[in-house]
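# Remarks on the overall topology
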Amino acid sequence: MISRIFEIMNDVKHILVTGGAGYIGSHTVVELYENGYIPVIVDDFRNSHLSVINGLEKITGQKIIYRKLDVCDYKAFEKVFIEFSFVGAIHFAAYKAVGESVQSPLKYYKNNLLALINCLELAEKYHVENIVFSSSCTVYGEPTGVKTVTEESKIQPASSPYGNSKQIGEEIIDDLIKSGSSLKILKLRYFNPVGAHETGLIGELPIGKPTNLLPFVTQTAIGKLDELTVFGNDYNTPDGTCIRDYIHVCDLALAHVKSIEWLENQPNSLSDSINIGTGKGTSVLEIIHTFEKVSESSLNWKFGDRRDGDIEEIYANVDKSWKLLKWKPTKTVKDAIFDAWNWELKLNND
Ligand SMILES: NC(=O)c1ccc[n+]([C@@H]2O[C@H](COP(=O)([O-])OP(=O)(O)OC[C@H]3O[C@@H](n4cnc5c(N)ncnc54)[C@H](O)[C@@H]3O)[C@@H](O)[C@H]2O)c1
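Everything in this summary refers to the structure shown in the same document.

Cut-offs and rules
Residues numbered from 1 in each chain as written. Predicted model: local features only at pLDDT ≥ 70, side-chain atom pairs only at ≥ 80, totals over all residues. Helix = DSSP H or I, 4+ residues; strand = E, 2+ residues; numbered from the N terminus. Rg over C-alpha atoms; globule rule 2.2 N^0.38 Å. Buried ≥ 20, exposed ≤ 12 C-beta atoms within 10 Å, placed from the backbone. Near = placed C-beta within 6 Å. Nonpolar A, V, L, I, M, F, W, Y, C, P; charged D, E, K, R; others polar. Core = buried A, V, L, I, M, F, W, Y, C linked by C-beta atoms within 7 Å. Pairing = 2+ DSSP bridges. Axes fitted to C-alpha atoms, helices over the stretch in contact; angles between N-to-C directions.

## Side note on the overall build of the chain
Summing up its helical and strand segments, the chain has 12 helices and 15 strands in all. A compact globule built from 350 residues should have a C-alpha radius of gyration of about 20 Å, and the chain, at 19 Å, falls within 12% of that. Each principal axis of the C-alpha atoms in the chain carries an extent, and together these give about 60 × 45 × 40 Å. Scored against the burial criterion, the 350 residues of the chain give a buried share of 48%.

## Quick look at the site of the ligand
Taken together, 28 residues sit near the ligand, with G19, G22, S48, A94 and S134 positioned nearest. Put simply, the parts of the chain that give the shell around the ligand at least two residues each are α2 (23-34), α6 (105-125), β5 (130-136) and β8 (192-194). A per-element tally of the shell around the ligand places α2 first, with 3 residues. Residue classes in the shell around the ligand are distributed as 13 nonpolar, 10 polar and 5 charged.

## Focus: the nonpolar core
Among the nonpolar cores identified, the biggest contains 95 residues, and I15, L16 and A89 are the most heavily contacted of them. Per-element tally for this core: the top contributor is helix α9 (residues 249-264), with 9 residues.

## Topic: the sheet that holds β5
Overall, parallel pairing links the 7 strands, which are arranged β3-β2-β1-β4-β5-β7-β12 in an open sheet. Either end of the sheet is taken by a strand with one partner, and the two such strands are β3 (65-67) and β12 (270-276). The mean inter-strand angle of the sheet, taken between neighbouring strand axes irrespective of direction, is 20°. Of the strand pairs in this sheet, strand β2 (residues 38-42) and β3 are connected by 3 bridges, and their pairing is parallel. Residue I41 lies in a different strand from β3, and its bridge partner there is Y66.

Read these as geometric descriptors, not functional statements.
What follows is the structure, encoded as structure tokens:
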């Protein structure tokens, strides 16, 4: 109670960041600090390391506030809402590996949906009105015809339980708003986040074998992994490999701050979706070749079979994010590869 009175008197703007120790969450924590907010991380570190907190403290020069708990545990999660008076919440906490979700669908539905429902229920109960939800371009499934998707593009059947958990998550949010809830929710449909903070103090460090391309590339180059497999070389793309819209994680992190700022200025409840990408596509082979140039090394890689749930080619139409949030990405794929490699080298030296 005393801390809540202190917050109100001192105009402290606490933001709840579930999954804030993870890859995108940790970079968002930095941007929140830089823009006058005080993030409160809630994470049980199931897919992140406690050392992230150390890195964040070095970058921000602040004592990072974090609570270690499972957001699927309603009672434990509620204590954080009682402790702090949040002006907004960013809900990252979820599982995210497409391939694993095909093998273990219940694990994905249980965690991704229960975590979201708890977050929404508690946000309503404690009047935390400004919410950002981590959605994904996977909600578009495999686009037919044009590969650039707008927020109005038809939502296709998801190609994996992970993608479906994001589609259902979006529907839950829409139903809640239709029911008369006072929450204001932006569903950010991320394309492919890559890179690391320029200091090399935080970056992508999943537990176990990485499932995203770039950490797999850097961990292979440094010798932690033997070989990179490129899943499929017979896609209908110029070089036969999948094409994605890669966005630097620091650009993506800033988009969350812009979203919270925008939501704070909205008078009425709402649910809206926004693509967060660059609008440009890069193939897996282009990533590998750029990495080899940036790192001045040659990567041990081979072609393998296509992977279940993978989409051939997709990138964002970004008009809405640029117009609504007054935000544009400033970094290139090459910048992201440079920063990811710097992060890997630093990790290895430490
Ligand atoms: N990285 C991507 O390629 C990508 C793309 C699109 C969308 N997303 C979404 O963005 C969000 C963040 O992704 P990320 O790449 O930072 O993932 P991440 O795994 O690095 O971070 C997620 C964090 O949430 C935590 N977490 C998961 N379940 C939890 C629970 N029940 N209780 C407490 N903590 C929990 C994990 O420990 C981890 O620190 C996810 O919702 C993901 O689906 C990610």
